[in-house]
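# Fold and contact review
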Amino acid sequence: MTEVRVRFPPSPTGYLHIGGARTALYNWLYARKHHGKLILRIEDTDAERSTRESIDGILDGLNWLGLDWDEGPYFQTDFADEHIKAARQLLENGQAYKCFCTREELDAKRKKALAAKQDIKYDGTCRHLTPAEIAEKEKQNIPYVIRFKVPHKDGAVVYEDKVLGDIKRAYSDIEDFVIVRSNGKPLYLLCNVVDDIRDRITHIIRGQDHMSNTTRQVLLYQAFNAPVPVFAHMPLTLDLKKAKISKRSHGEIVAVQFYREHGFIPWALCNFLVQLGWSTNDDREIFSREELIEAFSLERINKSNSIFNYRKGDPKFFTDPKAINMNGHYLRTMPINEIGEMVKKELQGEGIWDDAYDNDKKEWYLATLDLIRDRFFTLKDFTSQGRAYFADDFTVEPKALKKNLLKHPELEEWLPMLGERFASLKNFTKDEAERVAREFATEMNVKPGIPINGSRAVITGRIKGPSMFEVFEVIGRERVVSRLREAGKYFK
Ligand code: GLU
């Protein structure tokens, strides 16, 4: 059996988009599943729009997602000579021809055809030029493009599409398309095929937006006598209004970097992206890497467009809620050591990392993460909602301040009193803390929730959280007592 060889060929004209990441992911999964190779090729032929910054961003994004490649990155511009040679070869073999028609001539013909409701394809004027006519035009230095000679016969181009089934397009529907511009530059359409032949690509997994190229490209494979790869055209990703998601209309939310900056776990994002256009035949939505590699198949890629469920300006969800929920799922279920490494970077970024969390406070650090992660959705929650566990400079969220402190003015005096009782305990454990807090409430003749929730507000800054008795123990006597002693400041 021939080795599976797939490729991810981004054009480096912007950042890594979630659509591009999804394409990379599908190719990566297919390569890994079949023990094949993933080739990374940077299609930088458009010199004006390609930038080094974009290349770096793409590589960085793929690395962050954990999508490793086996060959490359190759750069399309390094093979410019081959692209030209390939065009010359088609010309010499009579599979392509020089077209001297001017833009004005072509426009006029097109207009006329449109008005007469006729076919607007190129009419093949230059296809039949004699060698003498060609020589004459060249002598006059008339610029020319090179057009591919589409077979003039009955029949059709047929190729195998693993998603959509066999795709067929009559030769008569395809015009003699340009493969080299009048400035001598080969078109992307040709370069892409020449590179895929050289890289021995067996499967091309890309978006349906490339389908208009595919029929023409299949003709090129045939002209070069090269095996035609198997295609799998992936559905487009649309927004709720059925518009293609793009930077222009959706902003940074379509960039992989956005998810990194918003505390996503790379694998959680992959798991979300894979399901924008693919599913299993059961209801499974959560996969480990190994499970996904095992489950993935081209045949189960959806034919119809997928929906990126994002409402601009929705205050609750900064992106598709499914993505956020999936991230929350991985955050809560991944081995705590792995979460520990990721949260370390967040704490370092905030300047509140303590090296002891890697040494003698490691046990405390991991137990704390495990306690608080239950309610979290992104890694950012550890430094926002969870800040009070790692730093003293946290703020009390307004609803906690209002409902659990200011509504009970007596707490101004009570919380410091409770602090003193904790200070004088022999052992500060969660059971002891609970006993003291409950006794205190009984003595003051209020429900235990009043001093307990008040403590939560001044100790964690939050209205909700894990059992407060566990929190007392985890935050530790010293910080608990000092925060309770200072509770008065919130009432000023
Ligand atoms: N460079 C093309 C793009 O970024 C790749 C097209 C292909 O997969 O053949 O859209």
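Residues numbered from 1 in each chain as written. Predicted model: local features only at pLDDT ≥ 70, side-chain atom pairs only at ≥ 80, totals over all residues. Heavy atoms only, no water.

### Comments concerning the site of the ligand
Every residue near the ligand is listed here: Arg 7, Pro 9, Pro 10, Ser 11, Glu 43, Tyr 188, Asn 192, Arg 206 and His 210. In this structure, Tyr 188 approaches the ligand through a side-chain N or O atom, which is 3.3 Å from an oxygen atom. Measuring from an oxygen atom of the ligand, one finds a side-chain N or O atom of Asn 192 at 3.2 Å. Counted by class, the shell around the ligand contains three nonpolar, three polar and three charged residues. (Near = heavy atom within 4 Å. Polar contact = N/O pair within 3.5 Å; in protein donor to acceptor, adjacent residues only side chain to side chain. Nonpolar A, V, L, I, M, F, W, Y, C, P; charged D, E, K, R; others polar.)

### Overview of the pairing of strand 1 (residues 5–8)
With burial as the criterion, each face of strand 1 is covered, one bearing Arg 5 and Arg 7 and the other bearing Val 6 and Phe 8. Of the strand pairs in this sheet, strand 1 and strand 2 (residues 37–42) are connected by four bridges, and their pairing is parallel. Residue Val 6 lies in a different strand from strand 2, and its bridge partner there is Leu 38. (Buried < 20%, exposed > 50% of the residue type's maximum accessible area, 1.4 Å probe, protein only. Helix = DSSP H or I, 4+ residues; strand = E, 2+ residues; numbered from the N terminus. Pairing = 2+ DSSP bridges.)

### Side note on the packing of aromatic side chains
Overall, the coordinates contain 24 aromatic pairs when judged by the stated rule. Pairing Phe 422 with Phe 472 gives two aromatic rings, centres 5.0 Å apart and planes at 65°, and the pair type is edge-to-face. Of the two residues, Phe 422 sits in helix 17 (residues 411–423) while Phe 472 sits in helix 20 (residues 468–475), which places them 50 residues apart along the sequence. Overall, Phe 472 belongs to the buried group, its relative accessible area being 0%. Over the ring of Tyr 122 we find Arg 147; its NZ or CZ atom is 3.7 Å from the centre of that ring. The residue whose ring lies beneath Arg 332 is Phe 377, and the NZ or CZ to ring-centre distance is 5.1 Å. (Phe/Tyr/Trp six-rings, centres within 6.5 Å; stacked < 30°, edge-to-face > 60°. Lys NZ or Arg CZ within 6 Å of the ring centre and 35° of its normal.)

### Details of unusual backbone geometry
Of note, the amide linkage connecting Gly 72 to Pro 73 takes the cis form, showing an omega dihedral of 0°. Its place among the elements puts Pro 73 in strand 3 (residues 71–75). Here His 35, not a glycine, exhibits a phi torsion of approximately 50°, which is positive. Looking at the secondary structure, you find His 35 in the loop between helix 1 (18–33) and strand 2. We classify His 35 as exposed; its relative accessible area is 71%. Positive phi, normally seen in glycine, also occurs at Asn 141, with a value near 60°. Relative to the assigned elements, Asn 141 resides in the loop between helix 5 (131–139) and strand 5 (145–148).

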